[in-house]
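Residue-level listing of the chains:
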Amino acid sequence: MQYCCMVMRINIDCNGCYRKVRRALLDMQELESHLIEKKMCRVSVSGNFIPRDLAIKIRKKTNRRVEILEIHEFSSNNNNIIEGHQEQLLQDQRPQNQMMGSWNLISKQNRCATYVT
């Protein structure tokens, strides 16, 4: 089993269908996260699973037709690249937060100056 992200189309007509799909996804231990887009009739899942087996399991539990739209499989090398990219994004955001903090300090000083005069 590999870490996978999969997007499926499942017909979700009403709140009862939504609940049935949600309960089926919550019962599956191999899933780490899921996202149900009710209006688009799409379900995105991620975790350690075999995509075809998971789709069959969802079909049996919900009695709804399941159509696989996209599958992204990640190996251990890809996970390192993704984690490195996330760390780079966090480092890029830190200077912006520091700049905003200094701007807030300056704006507070200006307010104090205007109130004092």
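Residues numbered from 1 in each chain as written. Predicted model: local features only at pLDDT ≥ 70, side-chain atom pairs only at ≥ 80, totals over all residues. Heavy atoms only, no water.

A. Quick look at the nonpolar core. Residues Met-8, Leu-25, Val-43, Val-45, Leu-54 and Ile-58 are the most contacted members of the largest nonpolar core, which totals 18 residues. Counting residues per element, the ones that place at least two in this core are strand E1 (2-10), helix H1 (15-27), strand E2 (31-37), strand E3 (42-49) and helix H2 (51-62). When residues of this core are assigned to their parent elements, the largest contribution, four residues, is made by E1. If we skip the residues at most four places from it in the chain, Leu-25 touches Leu-31, His-34, Ile-36, Val-43, Val-45 and Ile-58. (Core = buried A, V, L, I, M, F, W, Y, C linked by side-chain atoms within 4.5 Å. Buried < 20%, exposed > 50% of the residue type's maximum accessible area, 1.4 Å probe, protein only. Helix = DSSP H or I, 4+ residues; strand = E, 2+ residues; numbered from the N terminus. Contact = heavy atoms within 4.5 Å.)

B. Structural detail: unusual backbone geometry. In this structure, Cys-41 is a non-glycine residue whose phi angle is positive, near 55 degrees. Within the secondary structure, Cys-41 is located in the loop between E2 and E3. Classification of Cys-41 as buried rests on a relative accessible area of 16%.

C. Focus on the pattern of salt bridges. Within this structure, the stated rule accounts for three salt bridges. With a shortest N-O distance of 2.9 Å, Lys-57 and Glu-30 are connected by a salt bridge. Taken together, the residues Lys-57 in helix H2 and Glu-30 in the loop between H1 and E2 connect sequence positions 27 residues apart. According to the relative accessible area criterion, Lys-57 is partly exposed, its value standing at 37%. (Salt bridge = Lys/Arg side-chain N within 4 Å of Asp/Glu carboxyl O.)

D. Examining the packing of H1 against H2 more closely. Relative orientation of the contacting elements H1 and H2 amounts to 130 degrees, with a least axis distance of 10 Å. Here H1 lies oblique to H2, going by the angle between them. The handedness of the crossing between H1 and H2 is right-handed. The segment H1 lies against H2, with Lys-20, Val-21, Ala-24, Leu-25 and Asp-27 engaging Ile-58, Lys-61 and Thr-62. (Axes fitted to C-alpha atoms, helices over the stretch in contact; angles between N-to-C directions. Parallel < 35°, antiparallel > 145°, perpendicular 65-115°, else oblique. Left-handed = near helix turned anticlockwise from the far one by under 90°.)

E. Expanded view of the sheet that holds E1. The strand order across the open sheet built from four strands is E2-E3-E1-E4, with neighbouring strands paired in antiparallel fashion. Two strands close off the open sheet at either side, each with one partner strand: E2 and strand E4 (66-74). Direction aside, the axes of adjacent strands within the sheet are offset by 15 degrees on average. Sheet analysis places E2 next to E3, joined by six bridges and oriented antiparallel. (Pairing = 2+ DSSP bridges.)

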